[in-house]
Amino acid sequence: MTWIPVPDGSPIGVHTLPYGVFSTAHDGRRVGAAIGDHIVDLAAVAGEQGGADPAIFRTSSLNAFMSRGPRVWFAVREWLTRLLMDREHRAAVEPHLVPMPDAVLHLPFEVADYVDFYASRQHAENLGQIFRPDRPELPKAWRHLPIGYHGRSGTVVPSGTDVIRPNGMRADGGAVSYGPSTMLDIEAEVGFVVAVPSALGQPIPVGRFAEHVFGVVLVNDWSARDIQAFEYVPLGPFLGKSFATSISVWVVPLAALEHARVDPPPRDPKPAEYLRDTQPWGLDITLEVSWNGTTVSRPPFAGMYWTAAQQLAHLTANGACVRTGDLYASGTVSGPIREQYGSFLELSWNGTQPVRLADGSTRTFLHDGDRVTISASAPGPGGSRVGLGEVTGTIRPALR
Ligand code: MN
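Nothing here was measured: the structure is a model prediction, and the numbers come from that model.

Calculation notes
- Residues numbered from 1 in each chain as written.
- Predicted model: local features only at pLDDT ≥ 70, side-chain atom pairs only at ≥ 80, totals over all residues.
- Heavy atoms only, no water.
- Core = buried A, V, L, I, M, F, W, Y, C linked by side-chain atoms within 4.5 Å.
- Buried < 20%, exposed > 50% of the residue type's maximum accessible area, 1.4 Å probe, protein only.
- Contact = heavy atoms within 4.5 Å.
- Donors = N, O, S within 2.8 Å, 3.2 Å for Na, K, Ca; no water.
- Helix = DSSP H or I, 4+ residues; strand = E, 2+ residues; numbered from the N terminus.
- Pairing = 2+ DSSP bridges.
- Axes fitted to C-alpha atoms, helices over the stretch in contact; angles between N-to-C directions.
- Parallel < 35°, antiparallel > 145°, perpendicular 65-115°, else oblique.
- Nonpolar A, V, L, I, M, F, W, Y, C, P; charged D, E, K, R; others polar.
- Domains from an automatic or database assignment.
- Buried area = accessible area lost by both parts, 1.4 Å probe.
- Salt bridge = Lys/Arg side-chain N within 4 Å of Asp/Glu carboxyl O.
- Polar contact = N/O pair within 3.5 Å; in protein donor to acceptor, adjacent residues only side chain to side chain.

1. Structural notes on the nonpolar core
1) Next: The biggest cluster of nonpolar side chains holds 65 residues, and the ones touching the most others in it are Phe192, Phe209 and Tyr328.
2) Next: If near-sequence neighbours (up to four positions away) are discounted, Phe209 is found in contact with Phe192, Leu254, Trp281, Ala308, Ala309, Leu312 and Tyr328.
3) Next: Listed in part, the 42 residues of the second largest apolar core include Trp3, Leu84, Leu97 and Val193.

The following block contains the structure:
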């Protein structure tokens, strides 16, 4: 298939080709594409080989490349695929392959605005049962529109960044105090990266999703449940989530997920006109959550009630515009059974059912020193897998 030796079973093959930003001991940040255990230095290859404008890769973020739009994305993907499949290019490209261990990966794009949705029905119902046992499980608007909130783009960090346990206000019975969160949690999510901006006042129709969105990343929406529970009424999450949001360092283009597209689940009631599907944008991505090396959950993305196309349409339905680098995340991905829950709040059922790890220890929420890794893959062509990489982070003690 490709002349690059890709390890057996690697999901980062020639059908994946995700983009990221890396640096090496000798050279600063620039754009690369991953294949197997290597990074293709795109600026160097484009500079020598032509076929793509090297300026869009000789920069410290994907924003310039992404903002060029779908015709450039597809042309670059075709060009790159040809270089990697066709042996006649080997001699010219090989000197510009960087072994992964020699590179440092960075935040792949400049995050403009950040939005987080709440599109898993199972997750929303679980939280309803845990926090509002006396009321209906789903909030009134939930089945009518994709519920979301605006988050903090400046604290989106690349995979591998340590997360300092946040301090905040918590209520314990009648007592309210300020201190380290004792209910630090994760949310396993899929994020969508907006590349082509829209104009103020111009909603993006559901059918134009792929003209604006470049690709996906994995997201860990770290959440301090005690801080969140005390602050969220009536304006929603604030400091309980804004301290850090981790994303994977490789952006997988939508083009690599063609074979993962599935019909979304049936909706009742029928969505409003502006939210009606024109093409199937469900994605059969399977996530995996590892807690200190023990796999504790495999959340299935295919069952998400609202698709990313509907979320983008909703995000702009009031005329709000999007910018290159906007990131919006799906909301915690949870499937119908416990082994598919995407947060520790659900896995431990609000701390009442501890999770056992391989070393024999048990957990409800995160301890200092704990490491969480979320990885994912999706079906590719011919029975192959397309890897979405991973997002990882380790908890450091709160500041005193
Ligand atoms: Mn979230």
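Now that the structure has been shown, the text picks up again.
2. Quick look at the coordination of the manganese ion
1) Next: Summarising the metal site, the manganese ion is bound by the protein donors Asp116 (OD), Glu187 (OE), Glu189 (OE) and Asp221 (OD), whose distances to it range over 2.1 Å.
2) Next: Each donor residue of the manganese ion lies on the same chain, and together they follow the pattern D-x70-E-x1-E-x31-D. A residue pair is termed long-range when its members are at least 10 positions apart, and Glu189 in strand β13 (residues 188-194) and Asp221 in the loop between β14 (213-220) and β15 (223-224) qualify at 32 residues.

3. As for the sheet that holds strand β5 (residues 104-106)
1) Next: With respect to topology, five strands assemble into an open sheet ordered β4-β3-β2-β1-β5, the strand pairing being antiparallel. Among the strands making up the open sheet, the edge pair consists of β4 (97-99) and β5. The sheet shows a mean angle of 45 degrees between the axes of neighbouring strands, taken without regard to direction.
2) Next: Of the pairings in the sheet, the one linking strand β2 (residues 30-35) to strand β3 (residues 38-41) comprises four bridges and is antiparallel in character.

4. Quick word on the packing of helix α1 (residues 42-49) against helix α3 (residues 70-85)
In helix packing, the relevant descriptors are the interaxial angle and the interaxial distance, both defined with respect to the helix axes.
1) Next: The interhelical angle for the contact between α1 and α3, taken along N-to-C directions, is 85 degrees, at an axis separation of 12 Å. One way to sum up the angle between α1 and α3 is to call them roughly perpendicular. Listed contacts from α3 to Leu42, Val45, Ala46 and Gln49 of α1 are Trp79, Leu80 and Leu83.
2) Next: Taken together, the residues that form the contact of α1 with α3 break down as six nonpolar, one polar and no charged.

5. Things to note about the domain arrangement of the protein chain
1) Next: Looking at the protein chain, the domain boundaries give domain 1 (19-106) and domain 2 (114-396).
2) Next: The straight-line distance from the C-alpha centre of domain 1 to that of domain 2 is 29 Å.
3) Next: Taken together, the 19 residues of domain 1 in the interface contact 18 residues of domain 2.
4) Next: Overall, the association of domain 1 and domain 2 removes approximately 1400 Å² of surface from exposure, summing both partners, and the carbon and sulfur fraction of that is 77%.
5) Next: Interface area lost by domain 1 to domain 2 is led by Tyr19, Met66 and Trp73, which between them contribute 40%.
6) Next: Remark: the boundary between domain 1 and domain 2 carries zero salt bridges.
7) Next: Across the contact surface, domain 1 and domain 2 share one residue pair in polar contact (both at pLDDT 80 or more).

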